[in-house]
Amino acid sequence: MSRSAPSSEELLRIAVEVAREAAATAYRMRAEGVSVAATKSTATDVVTAADRAVERQVLDALRRLRPDDAVLGEEYGEGDAGPAGADGVRWIVDPIDGTVNYLYGLPNSAVSLAAEVAGTVVAGVVRNITTGEEWTATRGGGAHRDGVRLRGSTEIDLGQALVATGFGYAAQRRAHQARVLGGLIEHVRDIRRFGAAAIDLCLAAEGRVDAYYEKGLAAWDLAAGGLVATEAGLRVAGLGGRAAGPDLVLAAPPALFGPLHERLADLDASGGP
Ligand code: IPD
Ligand code: CA
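Thresholds applied
- Residues numbered from 1 in each chain as written.
- Chains lettered and ligands numbered in written order.
- Predicted model: local features only at pLDDT ≥ 70, side-chain atom pairs only at ≥ 80, totals over all residues.
- Heavy atoms only, no water.
- Donors = N, O, S within 2.8 Å, 3.2 Å for Na, K, Ca; no water.
- Buried < 20%, exposed > 50% of the residue type's maximum accessible area, 1.4 Å probe, protein only.
- Near = heavy atom within 4 Å.
- Polar contact = N/O pair within 3.5 Å; in protein donor to acceptor, adjacent residues only side chain to side chain.
- Areas by Shrake-Rupley, 256 points an atom, 1.4 Å probe, with all protein chains shown as cover.
- Patch = residues over 30% accessible without salt bridge, like charges linked within 9 Å, V, L, I, M, F, W, Y side chains within 5 Å.
- Salt bridge = Lys/Arg side-chain N within 4 Å of Asp/Glu carboxyl O.
- Helix = DSSP H or I, 4+ residues; strand = E, 2+ residues; numbered from the N terminus.
- Pairing = 2+ DSSP bridges.
- Axes fitted to C-alpha atoms, helices over the stretch in contact; angles between N-to-C directions.
- Contact = heavy atoms within 4.5 Å.
- 1 Å grid on protein atoms, 1.4 Å probe; cavity = no way out; pocket = protein on both sides within 12 Å on 5 of 7 lines; lining within 4 Å.
- Points joined across faces, edges and corners; volume = space filled by probe spheres on them.
- Nonpolar A, V, L, I, M, F, W, Y, C, P; charged D, E, K, R; others polar.

Visitor: Is there a simple way to think about the coordination of the calcium ion (ligand 2) in this case?
Guide: Each donor-metal-donor angle would ideally measure 109.5 degrees in four-coordinate tetrahedral geometry, or 90 or 180 degrees in six-coordinate octahedral geometry. Protein-derived coordination of the calcium ion (ligand 2) comes from Glu74 (OE), Asp94 (OD), Asp94 (OD) and Ile96 (O), at a distance range of 2.1 to 3.1 Å. Written as a sequence motif, the donor residues of the calcium ion (ligand 2) are E-x19-D-x1-I. A relative accessible area of 1% means that isoleucine 96 is categorised as buried.

Visitor: Help me understand the site of ligand 1, please; the structure alone is not making it clear to me.
Guide: The environment of ligand 1 is made up of 16 residues, and the closest members are Asp97, Gly98, Tyr169, Ala197 and Glu214. With respect to ligand 1, the side chain of aspartate 97 contributes an N or O atom lying 2.7 Å from an oxygen atom. One of the backbone nitrogen or oxygen atoms of threonine 99 is found 2.8 Å away from an oxygen atom of ligand 1. About the coverage of ligand 1: the protein hides 94% of its 370 Å² of free accessible area.

Visitor: Honestly, a nonpolar patch on the surface in this entry has me stumped. Any pointers?
Guide: There is a patch of nonpolar side chains on the surface, built from Val100, Tyr104, Leu106 and Tyr169 and spanning about 390 Å² of accessible area. With respect to the helices and strands, the residue tyrosine 104 is situated in helix H3 (residues 99-104).

Visitor: It is not clear to me how the sheet that holds strand S11 (residues 190-192) should be interpreted in this structure. Could you clarify?
Guide: Think of a sheet as strands paired side by side through backbone hydrogen bonds, with each pair either parallel or antiparallel. Spatial strand order, S11-S10-S12-S14-S13: five strands in an open sheet with mixed pairing. The sheet is open, and its two borders are formed by S11 and strand S13 (235-237), each paired with just one other strand. Going across the sheet, the axis of each strand differs from the next one's by a mean of 20 degrees, ignoring polarity. Pairing analysis gives three bridges linking strand S10 (residues 162-165) to strand S12 (residues 211-214), with the strands arranged parallel. Bridge assignment links threonine 165 to a residue of S12, and that residue is tyrosine 213. In this fold helix H7 (residues 254-266) packs onto S10, S12, S13 and strand S14 (249-252), with an angle of close to 145 degrees to the strand it touches most, S14.

Visitor: Explain unusual backbone geometry to me, please; I cannot follow it from the model alone.
Guide: Leave glycine aside and you will find that most residues have negative phi; peptide bonds, for their part, are mostly trans. Of note, alanine 118 is a non-glycine position whose phi angle comes to about 50 degrees, a positive value. Tracing the backbone shows alanine 118 in the loop between strand S5 (110-117) and strand S6 (120-128).

Visitor: Is there a simple way to explain the layout of surface pockets in this structure?
Guide: Summary: where empty space remains is shown by rolling a probe the size of a single water molecule over the atoms. A volume near 750 Å³ is recorded for the largest pocket. Asp45, Phe167, Gly168, Tyr169 and Glu214 are the residues nearest the centre of the largest pocket, which is lined by 35 residues in total. When residues of the lining of the largest pocket are traced back to their parent elements, those giving at least two are strand S2 (46-48), strand S4 (89-97), H3, helix H4 (171-184) and helix H6 (219-231). Tallied by class, the residues present in the lining of the largest pocket amount to 13 nonpolar, nine polar and 13 charged. Of the voids in this model, the second largest pocket is the one considered here, and its volume is about 310 Å³. Taken together, 14 residues line the second largest pocket, and the ones lying closest to its centre are Val121, Leu222, Ala223, Gly226 and Ala244. Sorting the residues of the lining of the second largest pocket by element identifies S4 and H6 as the ones contributing at least two each. It is H6 that provides the largest number of residues to the lining of the second largest pocket, a total of six residues. Here the lining of the second largest pocket is built from residues that sort into nine nonpolar, two polar and three charged.

Below, the structure is given as structure tokens:
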């Protein structure tokens, strides 16, 4: 018989506790010095010892606190946690989003941890490893940074919008993304490429950029930051009525979503390799 899942608030409380400890480990390991441990999809898609150690720590903490839950992580996949437990909870973790920034000592990397219940993300936290900034959200409960409620940008003119984006690791995909960017840049205030998708989503939630889009995000890039952006009142979706996903994530306040969607659709932002 299935049990009822804990409240979103309780799942967020656990997520924050685990993410803070994970971010502390990542910070300490960075101070001790990092190097590339392996490469993944391409020679520039790197993994450090810290990516693995931090995810291992998160898996161990969740096994201790929530032994029946499933976990999906960037480095160990579904690991040995098994299918979602009787109450349908699954955790989604990116131990270090912004690994290249982390490797280079740039202050834009984060631990991202979200909790799904029956396939819907209901709680999430993104914690900047260097600055300690922490963004949280629960479904229906709003988004916050360090206790302050987030409501996104009030900009209504795409020509005045500061738009964040990112690039994948594969050369051909990056070339397509650069062509899309080339077609967009004359229609917006400017572009930012900070290098950590989860933080980009949170900055859009906060209105520190006006909107964000990117093709190629994985579930662990999107889960927590996507909820933060949604709960800040942003529309988070793909192109042509599709849900946000690997083809495209567009996060923008309602007034900017339409015009930015139109540009990105014209530029075939979800197409290409
Ligand atoms: C990457 C970062 C980057 C984005 C890439 C992601 P990783 O995640 O979020 O900003 O442009 O699409 O893969 O590899 O640093 O975890
Ligand atoms: Ca990562």
